[in-house]
Amino acid sequence: MSDGRQRRYVVGIDLGTTNSAVAWVDTAERAPRVRIFDVTQLVAPGEVKPRSGLPSFLYLAGEHDLPPAATRLPWGEPPAVGEARVVVGELARTQGARVPGRMVASAKSWLSHAGVDRQAAILPWGAAEGPKISPVVTEAEILAQVARAFEQTTGVPIDAAEVIVTVPASFDEVARELTVQAATKARLGEVTLLEEPQAAFYDWIEAHDTKARRAALGPRERVLVCDVGGGTTDFTIIDVDEEGDGFARSAVGDHLLLGGDNMDIALARRVEGRVGKVDAVQWHGLVHACRLAKEQMLEDPTLESRVITVAARGASVIRGTRKDELTRAELMELVVEGFFPPVPRDARPERARTGLHEFGLPYAADAAITRHLAAFLARHHVTRVDAVLFNGGAMKPQAVRERVLGVLAGWQQGTPPPRELVNRSPELAVARGAAYYDLVRRGLGTRIRGGAARGYYVGLDAGQAICVLERGAEEGSERELEQDFTLVMNRPVSFRLYSESARADRPGELVANAAETLAELPPLVTVLRAPGRRETRVRVRTRLTEIGTLEIWCQEPAGERWRLSFDLRGTQPVLGGGPGHVATEADEEDEGGPAAPELPALAAEARALLRAAFEGAPGAPDPAGIVKELERVLDARRDEWPTALIRALWDTLYEVERARARSPEIEGRWLNLAGYLLRPGHGAALDDWRITCMWKVFNAGLEHDRDNACRLAWWILWRRLAGGLKRGHQEQVHGRIAPLFLPGEKQKAKWYKVKPTPQEAAEMWRAVASLERLPAAWKVTLGDELIARLEKRKDTDSGFWALGRLGARVPLYGPLDAVVPAEAAARWIDRLLALAWAPPEKIAFPAAQMGRRTGDRVRDLDDAVRGRLAERLRAMPGGERPARLVEEVVALEAREERVAFGDTLPAGLRMVPPAAAEPE
């Protein structure tokens, strides 16, 4: 309600993983009531009907599978993605069963997946051909379907209504911001976010008058909202006040990507075990078929089984079709025993991978929801639950609800067992509750007190963090810390941000060992602009907006302030200037080093020594021996230097960058040391700023470009820093290297002109192979050329390592959508297996990286290929470990990370793979 007016219409949208629903209110009525809005959608080709639910599926229709007339809507032609038309809803779900490679499902789950660029066109995941769309745009198209249907039915512009969109209680700030971004793309206007478990309980409140509520819940009783939907599991505790009339949310669970999707995958695995192995596209279809069968049997209790069909691919479509039967008994046994097993009160989620890691999503490692529930109650010190409100499609079977109630009763023996609160319509409760919530904001209903689900903290030195917004703060509330902060002006400064759902700290209170006790969010980075000033005094202000998102500002006493922003594309910080500012290259001018953390006195001496060496000060050590001098001053070997120290040394080294021009020897030493001190290019505060500075060096080029040692150091530098380079930067590095190796007359001409030595060519291959953000197709072209060279015994010094990086199933830092297709990696492995491995240790680990098992069917190679590779590896001395990497889903050891990276890593920095790629 940012315009200060209360709008007549209220629209509540349950943006679900599998199904969405909409409710609305006309507040002009004498007694405003919540109604379900039937969403107009395509239910069959050319057939449009309203439905109470909107399946959260999107289908990218081609001209041949669905002609234009079959996808026309009452308000016009559907939107397009390239040449494909976007279909949302029931037809998208049914058509996706026929052509799974063009269907997008569970897009909501991708909004919280930091292992990919959520704004990139990566869905349908694993589809090798055809159009693609981003998770954010997919959610926007689902919301747009709701908006256009509402406008066409009511004649009311959607942005003239109050719109409440629900999100999982466990969504972090980035996922919430992306949801708001999707709503903006759908032209919903300003929306308010509401947590789904709260919305479900609001629906229960709306369905029961005061007398009925008092009959169901007594004073000081405690309610567990157990919401298991298509993609996530959410636990929330709501307490009844002493009078028995008011409610307050007292606990919220952390993010748990576990729900109906995992059950569908488990069913599909069982069917696959009977019908035989299927490929990635067939797997999408099989999971979808199991999803439909599950929903049909849960909706209709008279159905005892459903036939599951796995369509064949290729020429023998009819002859190759496989069928199986999924029974109700099998469904209930798998769901109840597999996901809700009886466990003791002290049970905790197992950290070992269970195998439910499909479609590239980082599903919870333990599928037992009851174990997660036990951990949630213990973490929040909840020893008694009096009543349970179940919500979500997975909780519809009575046997499931009875199992959870029975497990809870066993945990709290000696007190009455919890009772079930009636949920009148689990599939519509969240949408109804969202609409009712706006009536509550207008004073027309009963509010659930609670505010922010988490407290927020900013990191300080010595591993501490300070609370900047307490858990429970109400929407619209602002906080200002009483402590002053001195910030360096016109240079990047970084804030590490944390959250926590189980602490009760107040603003200004300190937390020790923040990294161990709090959940870390993407850092916040800004450049405070104030010409002529080197520093300023600020206070940190926070605001929990009315729409449910967090704002953090740096406030000067004089009134100027700067907002800090989340990076919505991943975990790297973003640079932002003053109010409403968008960072540009001009903002990234080098005006001195960043605000470094406090370092011991020895560090100051080391920095002075480093500066003197490169500036050629009288009596200073020669740059060629500077590392040994630094080790002497610091009394520690260079591989023992902590991250803060090596970055502080880099800051000093960059200040003397102009010394490169003095001689080839000095330039070579500068390049070598710069790469060492900034490796792997990310992982420490302000590394984005440092990489921006280094990119100026790239554009300037070598001062002594005819010196072989400098040219070697140049490519080693960019290989070491590759992880910090954005995709555009990496494409430019690729543009300098790849044309020299790819076949053609131009290549020959350039090679003759550049004349790289064999050693330089080797470092070029290693550098280009380290560019994990390059498009997969570019990597395939490089890999095809490289394997051909290896077959001719060319480039063997670096070629095997480079091929392993190009074809790695699990990237060290890059997005999962840039991994080369499994077919390409399998092709390279088959050709490697035909070679004599001499020496074998040079080939074993790169080959294992290409064949490594991930648990993601899209990235994993065929079992036969991995079997042949594992057999070859195991036959080698010491080959048991690389064979295990190929056969099992296991994390790399520190030694293996160093081999994969091609260098040692700085102390305190560990290569963290995408969330979907490694076990917890």
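Just so we're clear, the structure is a prediction, and the values are computed from it rather than from any experiment.

**Structural notes on helix α10 (residues 369–379)**
Step number 1: Burial within α10 is extensive, with 8 of its 11 residues counted as buried.
Step number 2: Among all positions of α10, only Ile369, Thr370, Arg371, His372, Leu373, Ala374, Phe376 and Leu377 are buried.
Step number 3: The inward-facing, buried residues of α10 abut β13 (222–228), β14 (233–240), β15 (247–252), α7 (260–275), α9 (328–339) and α11 (398–411).
Step number 4: Remark: His381 follows α10 within two positions and exhibits a positive phi of approximately 55 degrees.

**Side note on the nonpolar core**
Step number 1: Counting 109 residues, the largest nonpolar core has Ile13, Leu188, Leu224, Leu286, Phe340, Leu373 and Leu377 as its most contacted members.
Step number 2: With 9 residues, the single largest contributor to this core is helix α3 (residues 135–154).
Step number 3: When near neighbours in sequence (up to four residues on either side) are disregarded, Leu377 contacts Ile237, Val382, Val385, Leu408 and Trp411.
Step number 4: Counting residues in hydrophobic clusters, the runner-up holds 101 residues, among them Ala659, Ile666, Leu869 and Ala883.

**Thoughts on the packing of helix α25 (residues 822–833) against helix α26 (residues 840–851)**
Step number 1: Between α25 and α26, whose axes approach to 9 Å, the crossing angle comes to 150 degrees. When the interaxial angle is binned, α25 and α26 end up roughly antiparallel. Viewed along their axes, α25 and α26 form a crossing whose handedness is left-handed. Contact residues: Ala825, Trp828, Ile829 and Leu832 in α25; Ala847, Met850 and Gly851 in α26.
Step number 2: Of the residues assigned to the contact of α25 with α26, the class counts are 6 nonpolar, 1 polar and no charged.

**Notes on empty space enclosed by the protein**
Step number 1: This model, assessed by the stated rule, comprises 11 cavities of 30 Å³ or more.
Step number 2: Approximately 250 Å³ is the volume attributed to the largest cavity.
Step number 3: The wall of the largest cavity is formed by 22 residues, among which Arg176, Glu195, Gly451, Ala452 and Glu475 lie closest to the centre.
Step number 4: Taken together, the elements giving at least two residues each to the lining of the largest cavity come down to α4 (173–185), β12 (191–195), α5 (196–207) and β20 (448–449).
Step number 5: Residues of the lining of the largest cavity, tallied by class, amount to 10 nonpolar, 4 polar and 8 charged.

**Some points on the sheet that holds strand β21 (residues 455–459)**
Step number 1: One open sheet accounts for 5 strands, arranged β27-β22-β21-β26-β28; its pairing is antiparallel. Taken across any chain shown, the strands that pair with only one partner, and hence form the sheet edges, are β27 (510–511) and β28 (519–520).

**Topic: the sheet that holds strand β8 (residues 80–81)**
In sheet architecture, strand pairing relies on hydrogen bonds along the backbone and comes in two forms, parallel and antiparallel.
Step number 1: Strand order in this open sheet of 4 strands is β8-β9-β7-β10, and the pairing throughout is antiparallel. The sheet is open, and its two borders are formed by β8 and β10 (103–104), each paired with just one other strand.

**A closer look at the packing of aromatic side chains**
Step number 1: What the rule picks out here adds up to 17 aromatic pairs.
Step number 2: Judged by centre distance (6.3 Å) and plane angle (80 degrees), the rings of Trp650 and Trp689 are edge-to-face. Taken together, the residues span a long stretch of sequence, with Trp650 in helix α16 (residues 643–655) and Trp689 in helix α18 (residues 687–700) at a distance of 39 residues. Judged on exposure class, the residue Trp650 and its partner Trp689 are both buried.
Step number 3: Geometrically, the ring pair formed by Trp695 and Trp718 is edge-to-face, given 6.0 Å between the ring centres and 80 degrees between the ring planes. Taken as a pair, Trp695 in helix α18 and Trp718 in helix α19 (residues 708–720) lie far apart in primary sequence, 23 residues in all. Here the two residues Trp695 and Trp718 agree in accessibility, since each one is buried.
Step number 4: Three or more aromatic residues joined by ring pairs form one cluster here, namely Tyr9, Trp24, Phe37 and Phe150.
Step number 5: We note Arg679 situated over the ring of Tyr676; from NZ or CZ to the ring centre the distance is 3.7 Å.
Step number 6: A cation over a ring is seen here: Arg766 above Trp801, with NZ or CZ 4.6 Å from the ring centre.

**Quick word on the environment of Ser305**
Step number 1: Topologically, Ser305 is positioned in strand β16 (residues 305–310).
Step number 2: A C-alpha to C-alpha distance of 9.1 Å links Ser305 and Leu331, two positions 26 residues apart in sequence.
Step number 3: The contacts of Ser305, once residues within four sequence positions are left out, are Met297, Glu325, Leu326, Thr327 and Arg328.
Step number 4: At 2.8 Å, the side chain of Ser305 forms a polar contact with the side chain of Glu325.

**Thoughts on the confidence of the model for the chain**
Step number 1: On average, residues of the chain carry a pLDDT of 85, and 89% of them reach 70 or more.
Step number 2: Overall, residues 353–357 carries pLDDT values under 50, and its contacts beyond four positions in sequence, including any with other chains, amount to 23 contacts.

**Observations regarding the side chain of Thr232**
Step number 1: Tracing the chain through its elements places Thr232 in the loop between β13 and β14.
Step number 2: For Thr232, the contacting residues outside a window of four places in its chain are Pro168, Asp227, His255, Leu256, Leu257 and Leu258.

**Quick notes on the pattern of salt bridges**
Step number 1: Inspection of every chain in the model, using the stated rule, returns 71 salt bridges.
Step number 2: The residue Arg690 makes a salt bridge to Asp687 at a minimum N-O spacing of 3.0 Å. Of the two residues, Arg690 and Asp687 are both situated in helix α18; the distance of 3 residues between them amounts to about one turn of the helix. For the pair Arg690 and Asp687, one class covers both residues: buried.
Step number 3: In this structure, Arg868 and Asp830 form a salt bridge, with 2.8 Å as the shortest nitrogen-oxygen distance. Of this pair, Arg868 sits in helix α27 (residues 863–874) while Asp830 sits in helix α25, and the two are 38 residues apart along the sequence.
Step number 4: Take Arg868: its relative accessible area is 38%, and that puts it in the partly exposed class.
Step number 5: Classification of Asp830 by relative accessible area gives partly exposed; the value is 36%.
Step number 6: Among the ionic contacts, a cluster of salt bridges with common partners joins Glu478, Glu480, Asp484, Arg537, Arg539, Arg541, Arg543 and Glu551.

**Some details on the packing of helix α22 (residues 758–769) against helix α24 (residues 796–806)**
Step number 1: Following both chains from N to C, one finds α22 and α24 inclined at 10 degrees, their axes separated by 8 Å at the closest point. Taken together, the axes of α22 and α24 are roughly parallel relative to one another. Seen from α22, the contacting residues are Ala762, Trp765, Arg766 and Ala769; seen from α24, they are Ser798, Trp801, Ala802, Arg805 and Leu806.
Step number 2: Class assignment of the residues belonging to the contact of α22 with α24 gives a composition of 6 nonpolar, 1 polar and 2 charged.

Basis of the calculations
- Residues numbered from 1 in each chain as written.
- Predicted model: local features only at pLDDT ≥ 70, side-chain atom pairs only at ≥ 80, totals over all residues.
- Heavy atoms only, no water.
- Buried < 20%, exposed > 50% of the residue type's maximum accessible area, 1.4 Å probe, protein only.
- Helix = DSSP H or I, 4+ residues; strand = E, 2+ residues; numbered from the N terminus.
- Contact = heavy atoms within 4.5 Å.
- Core = buried A, V, L, I, M, F, W, Y, C linked by side-chain atoms within 4.5 Å.
- Axes fitted to C-alpha atoms, helices over the stretch in contact; angles between N-to-C directions.
- Parallel < 35°, antiparallel > 145°, perpendicular 65-115°, else oblique.
- Left-handed = near helix turned anticlockwise from the far one by under 90°.
- Nonpolar A, V, L, I, M, F, W, Y, C, P; charged D, E, K, R; others polar.
- 1 Å grid on protein atoms, 1.4 Å probe; cavity = no way out; pocket = protein on both sides within 12 Å on 5 of 7 lines; lining within 4 Å.
- Points joined across faces, edges and corners; volume = space filled by probe spheres on them.
- Pairing = 2+ DSSP bridges.
- Phe/Tyr/Trp six-rings, centres within 6.5 Å; stacked < 30°, edge-to-face > 60°.
- Lys NZ or Arg CZ within 6 Å of the ring centre and 35° of its normal.
- Polar contact = N/O pair within 3.5 Å; in protein donor to acceptor, adjacent residues only side chain to side chain.
- pLDDT = per-residue confidence, 0-100.
- Salt bridge = Lys/Arg side-chain N within 4 Å of Asp/Glu carboxyl O.

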